[in-house]
Structure formats: C-alpha cells, structure tokens
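Secondary and tertiary structure notes
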Amino acid sequence: MPLLQIEGLTHYFGGLRAVYDFNLELEPGELVGIIGPNGAGKTTIFNLITGVYVPTRGKIVFDGTNLVGLPSHRIASLGVARTFQTIRLFRDLTVLDNVRIAHYSQLRYGVASAIARTRAFLAEEDRVRERSLELLRMLNLERYASLPARALPYGEQRRLEIARALACRPRLLLLDEPAAGMNPGEAARLMEFIQWVRREFSLTILLIEHQMRVVMGLCERIMVLDFGETIAHGPPEEIRRHPRVLEAYLGRGTAL
Amino acid sequence: MHKTSRKPQLIWWVLLAFLPVTVVLPELGLINPYLQQVFMYVGINIILTVGLNLVNGYMGEFSVGHAGFMGVGAYVSAILTVWVLPRQYGPFLFPFVLVAGGLAAALAGLVVAIPSFRTRGDYLAIVTLAFNMIVKSAIENIEAVGGPRGFMGMDKLTNMAWVYAWTLLTLYCVRNFVYSRYGRGVLSIREDEVAAELVTVNTRQCKVLAFVIAAFFAGVAGGLFAHLLQFINPRSFALFPKSTEILVMVYLGGIGSIGGSVLGATIFTVVLELLRPLGVWRWVVVPLTLVLLMIFRPTGIMGLREWRPFIPPGELLRPAPGRQEVKAGAPAAD
Amino acid sequence: MVHILQQVLNALQLGSVYALICLGYTMVYGVLRLINFAHGDVFMVACYIGFFATTYFLTRGHLAPTTTFVLGMMLAMMLTALLAVLIERVAYRPLRNAPRVSAVITALGVGIFLENFTLATLGPEPRHMPALVPVVNYHVGGVVISSVQVVTIAVAVLLMLLLDTTVMKTMTGMAMRAVSFDRTVAPLLGVPVNRIISITFALGAAVAGAGGILYGQAYPIIDPYMGIRIGWWAFIAAVVGGIGNIRGAMIGSFILGFIEIFTPVVLPSSTYRDFVAFSLLLLFLVFRPTGILGQPATKKV
C-alpha cells in the first residue's frame, strides 16, 4: 500500500496554472526527487501536500487518509513534515524550544492541566524535554540547546530545521532544497546525512533540489516539472539523458 | 532523566505570604486610604497588562482595544451586584461576581479571536479597535444601564486583599500558560505562523486561548475597578485613555515578559499619580511616552527577558558539563 | 420624497468632506502600508488652523469673506501639509523598517498626542467658524439647495479630480504608485522614496486641510474631540472602499455620508450611528478586508 498517492493534482493561482495533472505514488522507504527550472511548481506541490493551499483539483491520500481540505497542523500530526527553501526557524526562540514546539500535537494535556501544573502535565513536559534533547544529541546540536536559533551558523540552522521536522514523528519528510547555498563538499556531507536520517528514522523522503549531483546521487526516482507539468519521470540515468529535460533546462536545440 | 520538581517554587509562597499583610494593614489603619487606592490601581493595571502582554507581546498580535473587555466585565459584575444579587451577600459572592464578569469578557474575547484567524497586523488592530468602539457605543445605547451617563450603586467590595489575591492568581495562571505547549504555540505564532502550523501547532486553538484568557482577566480587572470606584461609564473603557494606557504599560514594561508587565504597570500607575499636578497635560505626556518608546525602545524595559523567579525550574537548562563527545550518530551535515 | 432628496443632498455634502479626509488615509496606506491613525487629529488641527486664520483675516485683516475663504483654505492646506510632513519625519520615518506594531501604535500615539495637546493649550470650549460663503438658497422642485452645499461638493469634487489626475497622469503620481507596489525596488529605479513619501503625506494632509475649511462652513462648531469622530468615520470609509485605492476612498466616503445622515431616519435614535458604522467596519474586515474596490491578495509561501 503506497504511503502517498497523488492523483491529478492541479492548482491555479487565479488565472495562472501552477501545477497540472501531477501524479505520484510513493512506497514506504523511497527517496524520490522533484526537479525542474525555477517556477516549475515544485514548492507549490509541497504546499499543496502540507495544506498551505487547497488544490483546485486532485486527490492527495496519505496512508489511507485524504489530506485535501485538512488544516496544516492536522496534516503535520498525521506524519507529514517538511523543511523550507529559505530556513524558517523560530529565530528568537531557543534551539531546544524550536524542537519542543513541534511536539505540540503529541502532548495530551489540556489548558486546565497546564494552568494548574498537574502531575500529568509535568510528566508530559519532562518527557518532551528529554525527547527533544535526545533529538538534538543525535543531530549534534545539543550544545546549542539554550542558544537562540538565529545564533547558529547556517549549516547548523539547516540541521535544526530537520531536527524540528523530525520531532513531529513524521513518516514522510519533504525536503525543499536542503542543499541551497552549500558548496560541493557540504552538499556531499548533506547527502550522507539524509541517507542516515532516512535509515535512522525509517522515513520516506520527497526531495526538491537544484544541485544535480545531490539529486542524481540520492534519488531512486526523479520527477521533472516544467511550467507545472510533469515532463519526465524515471531513474536518474534516464533523466540525465532525457531530451525534454535537457530542453527545459538548457533551451531548445541544445539537446545532444 | 531530569524530572521537574513537583513543588511550587519559593517565589509563590513568598508572594502568598504577603496576602495576610494586605488584609491586616488597612484594618489596623496603618496605611492611608489614598495609598490603598494607588495599591489597588497598581494591582488592577498589572492584571490588565499581563493579559494584554499575552496577546501583543508573546503572540505578537495587534490588539489595541483591550479596555473593551474590561468594560464588559465591569458592567456585568456591576449589574449582578446592584440588581441581581442580594446586597448582604455581596462580600461573599464577590469572587463569583468577578468570575462572571470575566467569563462575559472571555466570550467577547472569543468573538474577537475569530477574525484573528485570517487577519493579522494592521487589520487586526482595526478589528480590535472597532470592537472597543462597538462595546462603548453599545453601552451608550442601553438606557437601562444609564447609557452615556453611567451606572452606579455598587458597594465598595474591592479591597487590597482581593486585588492582591487576584493579581497573584493572574500572574500564576498566565505564567503557567506561557510555559506549556500553548505558550510555546503562542510564541511560534509570533515567530512564524505558517511554519508553526506545519510543525503541528494548532494556531487557531492557541489564538483563541490567548485572546480568551487575556479577556477573562481584563473582565476581572473591570469588576474590581467597578467595585472600587462605585461608578462606571462607557468613557472609562474607551480607546483613550484606558486602552492606550494599557498599551503603554505593556510596551513600557517589556513585551513577552510577565515581570516586565508588573514593572510597566507599577511604574506607569505610580508616575501617573505623581504627575497629577500637571492636570490635563498628563494626557499629553502619556501618548508622547508611547511614541518615544516605540521609536527608541520598542521591546520595552524587560523586552523578551523574564524575571528569573518567574521561570519554572524545568525551563532552565544547566549546560551539560564535558558532554562534548560526538556520538556515533549523525554525520556532520554542514 | 422631497425630504429624502434633501437628505440625499446632505449626505453628498458630508460624503464630500469625508472623501477629502479619507484620501489622506488611503494614500498613506498605499505608499507605506501604514494606517495613519493620526490623520483624523491632523484634520482637527486643520480645522483649528482654519478657524484662527479665517477669524484673523476677517476681523483684523478686514478682508472680504470670499477672499478670506480662499486665503484661509490655502493657508490651511499649506500648514496642514507641513504638519503631516513633520509628523512623518519625526515619528514615522525612524520606524520605516520596524515591525508594523510599532508604527501602528506610534500613529495612535501621535493622534492622541495632538488631541490632548490641543485640549491642553486651547481648552475644551468649542470654537465657532465664521461663515464665509454667502448663503443663497436655490429652490429646485421643492428641494432647497444651499450655496454652502454647492461650494462644498464642487470644491471637494474638484480636489478629488485633481488628486486622481496627479496620481494617474503625472510622473510624481507614477512614482507614488511605484512605491506603493514595491518599496524596496522603487529606489533601485531612481525613485526618491523619502521625497515621494513626504509628498504623499503632504498631499493627503493638504486635501484634508481643505476639507477642514469646508467642514467648518457646513458645521461651524469645532472642538478638540472632533478629530476622533470624523477621523474614524473617514477611516472606515477608506477600509470599506478599499484602502489604498483612491476611487474606492471616494465611494466609501459617500457610503459613510449616507449612513451618517440616514441612520437616525431609519433607527430610533442618532446614538446608533457609531454602532452602525463600526459594525459595518467589522463586517468588512471579517468578510471583505480589501474593501469594495480592493483586490484580495494571495499569500506566497
């Protein structure tokens, strides 16, 4: 049973067609990439899956649950987490708090318990604090726990964003250009990191990326978008040589 | 695993210990009525400021009509004690009357919270402002409660002890709210609402809670105010001066800080009293202060920093000594 | 029927004045995305300027009423524009890049400061604007049209047309629209943003200044509290019409003018006016925040 099923996903912004007839079936454990020139609709697809926009048409089913129309926080608590093209951390909050916040839906106490500081409330808070620290430990961020998120160097900030996403206990992780702004050395280390995260947390990953080395090196399958339409879909070797893909990136007449 | 101490912190016991003092002092005539009144005003203002700080400071929203909630609470509680409840039970029923006023105000808070789901920033400011105006204008049109001429007849049920007790309660409740998933949710809304939603924070729930809690306590403050002055009229709860005053107190003391709110409310109330000889010029100084604050120190005296004793023990992390060993886990990803 | 037409005329007159104030709100919001809550009180100051100027010209200067009217209007427009530019420089410019909370609250503070400063220096007693327009009543089919109404509506419409032409057809106007579309990019294309913003404030205030004189002719009693009332109504007009949109401002203003005149006709008492106006505001804010002529914006993630 596929973890994620997207059928006929189409989205218009007013008169502008951003995504057209996007289809995808993700089996658990897969690592699939989405590439395409800027403005091709890749991030829009992430936004549609995570409920930021409600699609004009189409079906999105995650583990048997229909995601269309659900509020974003509900989708996130069902097991879909994401990172962003530009880092969107809670900059003035501590590193620890950034991770703790993501446990929102996992905490079971109500307002009354919180205000009264019941035993159950304190126990839950302790549990979340421990889990968050553990997550930071695993991602080598523990020493920054009490620092504000904006104090971290760029690479650590990206890691923190992933830590925060992992705190949601996702089964599907959407990574939006995680290698943005990285040089080839950093990108290579990122690739190892993503592989490790996938194994360690048993994740299915959907990846948007521009750096070809990262995409070709990581992804088992790649989907190529151009102007909202899927122009190619297959394993890296196929995509690398696909005439329409080359045309989309390099312009007509440059294929071969 | 680090377990948070189950015992309430020392500071709350210390503060609670002062309660009998507030009962005894006025009884023994050791504190003159004027000082008593100032003390009570400080308390009422603290309650108002802490509540608004929750919405404007911690959540980063634009609520500028807070006095509207105060007005709702004031009128509801006054109507209860003057028309509904038997006089002789007044002093015993007072806390319930205050809660009733608070609940009515909380309902109003719910109404204001709903537009906040889709609007932020300037637009929300106007919504809250419109709400303030509508409350004032609605009361003015209800002849039964005196309309613009006001409502009176309340017994002086408010005293130092009640104000002190409610102030402590407000501080405790808001502090606990802030250091829970709801408080963290509220903070995340201020930082990045969309990102917050995407990491499972139910932003609607948090917004409603923040508005409702702030409104509830403002309503209680309104009830305390009504039974101190024994006379209320719609002008007392208008955008100017009341809502503006509360705004000044929040931004003066420091946004996102409970200690800051206490500080801001105290300083403002006391200074305003000291400036009484200035007469109408006081009201020139107040907005001027607000403008200068916004330009030179928008986060306030204790902006975003909390007074240590108010922070629950579990929140302060002791840096782990010597635990720098890198576990065989994540490869460096930078 | 005649009575209704009479009231329609009153509504048009009032709406014209609101429009002149409303334009200030809408233009400033257009370029700065700031709701200039102080604008209503700037209008109040304009009325006082008008009062002192016209009284002086009439009594000390011994000028004819018509001359006083024209001179008074020019002076009011100039001085009000100056005040607005000053406020922008001193209070708003330092907050150009600050979070919006600060700017909004500062604007509130400035407005309240102006109100109380006027109160403290000039006292709460209302002043009476001298009548300057020779009162001639025209009878058209049973409806009485006073010269004051004619002048008010005519001058207001003239100013609105001038403003609209300026914004739509001149280089300065184009620069203003550029700044309102994208404040960061406009300077890269050679637009002197600070100067344009000052000009926007000046224009909006000047027009409100004219509104002050016209208002004073129709409703001669002025006091320090009038700014809140009228300012708020003009503000609601701006939101209802579509804030940032000049044509919307005009539509919204006439709607508010109608509400003010016709509420006491429909509802039992005139004290309901505020309630109706603010409820309308709330409804628009919740269901159509961009107003009648505004376009809903989609957010980009």
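Anyway, here's the lowdown on the structure attached to this text.

Reading the values: rules and limits
- Residues numbered from 1 in each chain as written.
- Chains lettered and ligands numbered in written order.
- Predicted model: local features only at pLDDT ≥ 70, side-chain atom pairs only at ≥ 80, totals over all residues.
- Helix = DSSP H or I, 4+ residues; strand = E, 2+ residues; numbered from the N terminus.
- Buried ≥ 20, exposed ≤ 12 C-beta atoms within 10 Å, placed from the backbone.
- Rg over C-alpha atoms; globule rule 2.2 N^0.38 Å.
- Contact = placed C-beta atoms within 7 Å.
- Nonpolar A, V, L, I, M, F, W, Y, C, P; charged D, E, K, R; others polar.
- Axes fitted to C-alpha atoms, helices over the stretch in contact; angles between N-to-C directions.
- Parallel < 35°, antiparallel > 145°, perpendicular 65-115°, else oblique.
- Left-handed = near helix turned anticlockwise from the far one by under 90°.

Counting its secondary structure elements, chain C contains 10 helices and 4 strands. Taken from N to C terminus, the helices and strands of chain C fall in the order α-α-α-α-β-β-β-α-α-α-β-α-α-α. With the C-alpha coordinates of chain C rotated into their principal frame, the extents come out at 60 × 45 × 40 Å. The proportion of buried residues among the 301 residues of chain C is 50%.

What follows covers the overall build of chain A. Looking only at helices and strands, one finds 10 helices and 10 strands in chain A. Against the 2.2 N^0.38 benchmark of 18 Å for 256 residues, chain A shows a C-alpha radius of gyration of 19 Å, consistent with a compact globule. Its C-alpha atoms give chain A principal-axis dimensions of about 70 × 40 × 35 Å. The buried share of chain A, taken over its 256 residues, is 46%. Contacts in chain A between residues far apart in sequence, at least 24 positions, make up 65% of those at least 6 positions apart.

Moving on to the interface of chain B and chain C. Contacts between the two partners involve 32 residues from chain B and, on the opposite side, 33 residues from chain C. If you list the elements that add at least two residues to the side of chain B that touches chain C, you get α6 (121-141), α10 (239-253) and α12 (282-296) of chain B. Split into classes, the residues belonging to the side of chain B that touches chain C amount to 25 nonpolar, 5 polar and 2 charged.

Glancing now at the interface of chain A and chain B. Between chain A and chain B, the residue contacts involve 48 residues of the former and 40 residues of the latter. Every element with two or more residues in the side of chain A that touches chain B is listed here: α2 (72-78), α3 (95-101), α4 (111-116), α5 (119-138), α6 (154-167) and α7 (184-201) of chain A. At 8 residues, the largest contribution of residues to the side of chain A that touches chain B is made by α5 of chain A. Counted by class, the side of chain A that touches chain B contains 20 nonpolar, 8 polar and 20 charged residues.

Following both chains from N to C, one finds α6 of chain B and helix α10 (residues 272-287) of chain C inclined at 150 degrees, their axes separated by 9 Å at the closest point. Judged by the angle between their axes, α6 of chain B and α10 of chain C are roughly antiparallel. In this structure, the crossing between α6 of chain B and α10 of chain C has a hand that is left-handed. Here Tyr 123, Ile 126, Val 127, Ala 130, Met 133, Ile 134, Ser 137, Ala 138 and Asn 141 of chain B of α6 of chain B lie close against α10 of chain C, whose contacting residues are Tyr 272, Asp 274, Phe 275, Phe 278, Ser 279, Leu 281, Leu 282 and Leu 285 of chain C. Of the residues in the contact of α6 of chain B with α10 of chain C, the class split is 13 nonpolar, 3 polar and 1 charged.

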